[in-house]
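Read off the chains here:
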Amino acid sequence: MTPRYRAVKGTRDLLPPESERFAAAETIAREIFSSYGYGETRTPILEATELFARSVGETTDLVHKEMYTFADRKGRSLTMRPENTAGIVRAAIERGLAAGPMPLRLWCHGPQFRYERPQAGRYREFRQIDAELFGVAGPVAEAEILRMLVAFLRALGFRALSVSLNSVGTAESRAAFGQALRKHLKPNAVSFGEDDRRKLAENPLRLFESKDPAVRKALQAAPQTLDFLDDSSRRHHEEVRRLLSAAGIPYRDDPALVRGLDYYTRTVFEVVSGDLGAQDAILGGGRYDNLVELLGGPALPAIGFAIGEDRLLSVAPFSSAVRGWALLLPQEPEDVDEALGLAEDLRRTAPGLTVEVDLLARGFKKGMARANTLFEEAGERSLERERMFAVLLGSREREQGAITVKKLATGEQETFPRSELAERFGAARER
Ligand code: HAM
């Protein structure tokens, strides 16, 4: 049947088991980030449009062409957040955290919205895991946040990823760099498209995001941000590099990395994966020492990152924790209630085990067929297969006050008194 309604272009449904992998990654993030003292926040999806225009920057692609912006019924311009940093900063100022004890450590995860052309790894609704650290001007902030990031990536099974690192300096050095870039690119501007010519005039750093071969070629011999750093930013950058090396964090210098948002100062970083296609950035982040003040808060240095969860999970080597699973099959409808009670006992005895009761009591044959399908779906090498059972509750069992447990991996079957279910089942798990 052709579905009458489809998910909106660029959005997708996360369904089990994929949704479970997302939840598992978020749980790992929660465990690791909270062990570093980061508190979980949930800020609204809707924010005033002005917030993103001010922070991310009017002339960025993100604000200029990718936002889901609309007027509400009272004519206020609202935007579905395209990223989470601006919302967190707004909340930290509005709710007084930015004036409270420092450092302030916050993290969040949730959906973000960008009107981009959908392709592999690029969606209009996508998810980010985001962490922000406020109140630390020195390079130890970079050291902590990147240590935490790498701890998270390692917990997901990544071993070979490296951080691309650069510095864009202060607002002044960025401006000087922008001017030099403009001067360098101007002779080639006739071959640029209209949008890139606008960028050249308004915000030349944004040309680094251009896919146009003419722009890319012109950028090859372009000046580099590092040549324009003030002394203090240069020292900061050197110290960041030293601290990362000392922490054993693999990184490589990327002089062309400027990032697509205007709020960055000094350190910027990304992690890309060779296992992704054209959209290869798993995450991006950096320092934004002027943003809190720009949005009306105190002068507060800050740094953070956001991981694109959809991209992360399409390449993450981890698999969700092995839980084990039992399908309880009551043969007749009158056995269902008994099965529900037994299921409770099982869940209590074997924590982590998923216990499903065949509420429709479709009989052993159909029940076993479903159990075997789930077993096949668990995958050849899945450890979970070792912990998959069918538990039969039929007329024979009813007469004898017994239960039959079948281990799906071996086909081994045992019948024993119901009173021993929890105990015997625990033992069966061990084998
Ligand atoms: P961003 O680089 O714009 O940075 O996004 C971070 C990550 O979100 C990207 O590296 C990518 O993995 C993912 N992402 C972005 N757009 C899409 C899309 N259309 N589909 C799928 N994934 C996508 C930020 O958002 C900053 N707020 C990061 C930050 C936090 N900087 C400081 N603190």
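Residues numbered from 1 in each chain as written. Predicted model: local features only at pLDDT ≥ 70, side-chain atom pairs only at ≥ 80, totals over all residues. Heavy atoms only, no water.

Glancing now at the site of the ligand. Neighbouring the ligand are 27 residues; Glu83, Glu116, Tyr123, Tyr264 and Ala281 lie closest to it. Note that a nitrogen atom of the ligand is positioned 2.7 Å from one of the side-chain N or O atoms of glutamate 116. One of the backbone nitrogen or oxygen atoms of alanine 281 is found 2.8 Å away from an oxygen atom of the ligand. Burial of the ligand by the protein chains amounts to 95% of its free accessible area of 660 Å². Here the element with the most residues in the shell around the ligand is strand 10 (residues 281–287); it accounts for six residues. Taken together, the residues of the shell around the ligand sort by class into eleven nonpolar, eight polar and eight charged. (Near = heavy atom within 4 Å. Polar contact = N/O pair within 3.5 Å; in protein donor to acceptor, adjacent residues only side chain to side chain. Areas by Shrake-Rupley, 256 points an atom, 1.4 Å probe, with all protein chains shown as cover. Helix = DSSP H or I, 4+ residues; strand = E, 2+ residues; numbered from the N terminus. Nonpolar A, V, L, I, M, F, W, Y, C, P; charged D, E, K, R; others polar.)

Let us now look at the environment of isoleucine 129. Position of isoleucine 129 relative to the elements: it lies in strand 6 (residues 125–134). C-alpha separation for the pair isoleucine 129 and arginine 30, spaced 99 residues apart in sequence, amounts to 9.9 Å. Residues within four places of isoleucine 129 in sequence aside, it is in contact with Ala29, Phe33, Trp107, Cys108, His109, Phe152, Phe305, Ala306, Ile307 and Glu309. (Contact = heavy atoms within 4.5 Å.)

On to the pattern of salt bridges, then. Here the structure, examined in full by the defined rule, presents 32 salt bridges. Glutamate 356 is the partner of arginine 370 in a salt bridge, and the nearest nitrogen-oxygen pair spans 2.7 Å. Here arginine 370, found in helix 13 (residues 364–377), pairs with glutamate 356, found in strand 13 (residues 354–357); they are 14 residues apart in sequence, far enough to count as distant. Arginine 370 gets classed as partly exposed once you look at its relative accessible area, which sits at 34%. What emerges from the salt-bridge pattern is a single network uniting Asp61, Lys65, Asp195, Arg198, Lys199 and Glu202. (Salt bridge = Lys/Arg side-chain N within 4 Å of Asp/Glu carboxyl O. Buried < 20%, exposed > 50% of the residue type's maximum accessible area, 1.4 Å probe, protein only.)

This part takes up the sheet that holds strand 2 (residues 46–48). Spatial ordering of the open sheet is given by 2-4-3, a layout of three strands whose pairing is antiparallel. Only two strands of the sheet have a single partner each, and these edge strands are strand 2 and strand 3 (68–71). Geometrically, the sheet is characterised by an average inter-axis angle of 35° between neighbouring strands, direction not taken into account. One ladder, built from three bridges, connects strand 2 with strand 4 (residues 77–80); its direction is antiparallel. (Pairing = 2+ DSSP bridges. Axes fitted to C-alpha atoms, helices over the stretch in contact; angles between N-to-C directions.)

With that out of the way, let us pick up the packing of aromatic side chains. Any pair of aromatic rings gets described here by the distance separating the centres and the angle formed by the planes. Overall, the coordinates contain nine aromatic pairs when judged by the stated rule. Ring centres of phenylalanine 33 and phenylalanine 305 lie 6.1 Å apart, and the angle between their planes is 75°; on these two criteria the pair is classed as edge-to-face. With phenylalanine 33 in helix 1 (residues 18–35) and phenylalanine 305 in strand 11 (residues 302–308), the pair connects residues that are 272 residues apart, well separated along the chain. Each member of the pair phenylalanine 33 and phenylalanine 305 is classed as buried. (Phe/Tyr/Trp six-rings, centres within 6.5 Å; stacked < 30°, edge-to-face > 60°.)

This part covers the sheet that holds strand 10. Read across the sheet, eight strands follow the order 1-5-6-11-10-9-7-8 without closing on themselves; strand pairing throughout is mixed. Only two strands of the sheet have a single neighbouring strand rather than two, namely strand 1 (39–40) and strand 8 (251–253). Bridging between strand 7 (residues 163–167) and strand 9 (residues 267–272) involves five bridges; their strand directions are antiparallel. Bridged to asparagine 166 within strand 9 is valine 268.

Judged by nonpolar contacts, the single largest core of 42 residues is most densely connected at Phe33 and Phe152. Take this core: its biggest share by element is eight residues, from helix 5 (residues 140–155). Among all residues touching phenylalanine 152, those that are not within four sequence positions of it are Ala25, Ile28, Ala29, Ile32, Phe33, Ile129, Ile307 and Leu312. In this structure, Ala53, Val56, Ala189 and Val268 belong to the second largest nonpolar core, which totals 41 residues. (Core = buried A, V, L, I, M, F, W, Y, C linked by side-chain atoms within 4.5 Å.)

As a further point, take helix 7 (residues 194–202). An α-helical turn contains 3.6 residues, so a residue and the one three or four places further along point in the same direction. What helix 7 keeps buried is the set Asp196, Arg198, Lys199 and Leu200. Taken together, the buried residues of helix 7 touch helix 3 (61–65), helix 6 (171–185) and helix 8 (213–220).

The element strand 6 is extensively covered by neighbouring structure, given that ten of its ten residues are classed as buried. With burial as the criterion, each face of strand 6 is covered, one bearing Glu125, Arg127, Ile129, Ala131 and Leu133 and the other bearing Phe126, Gln128, Asp130, Glu132 and Phe134. Direction of pairing for strand 5 (residues 104–113) relative to strand 6: antiparallel, over a ladder of ten bridges. Note on strand 6: the bridge partner recorded for histidine 109 is isoleucine 129.

So, about empty space enclosed by the protein. Per the stated rule, a full pass over the model turns up one cavity of 30 Å³ or more. Roughly 90 Å³ of volume is contained in the largest cavity. Forming the walls of the largest cavity are Val150, Leu153, Arg154, Phe158, Arg159, Ala160, Leu161, Val163, Pro250 and Val271. Take the lining of the largest cavity: its biggest share by element is three residues, from helix 5. Residues of the lining of the largest cavity, tallied by class, amount to eight nonpolar, no polar and two charged. (1 Å grid on protein atoms, 1.4 Å probe; cavity = no way out; pocket = protein on both sides within 12 Å on 5 of 7 lines; lining within 4 Å. Points joined across faces, edges and corners; volume = space filled by probe spheres on them.)

With that settled, the discussion passes to the side chain of threonine 267. Considering the arrangement of structural elements, one finds threonine 267 in strand 9. By relative accessible area, threonine 267 is classed as buried at 1%. Once you skip the residues sitting within four places of it in the chain, threonine 267 turns out to touch Glu142, Leu165, Asn166, Ser167, His236, Val240, Gly286 and Arg287.

We now examine unusual backbone geometry. The residue after proline 16, namely proline 17, is reached through a cis peptide bond having omega 5°. Within the secondary structure layout, proline 17 lies in the segment before helix 1. A cis amide bond, omega -5°, links methionine 102 with the succeeding residue proline 103. Phi at arginine 259 takes a positive value of approximately 70°, unusual for a residue other than glycine. Within the secondary structure layout, arginine 259 lies in the loop between strand 8 and strand 9. In this structure arginine 259 comes out as buried when scored by relative accessible area, which is 12%.

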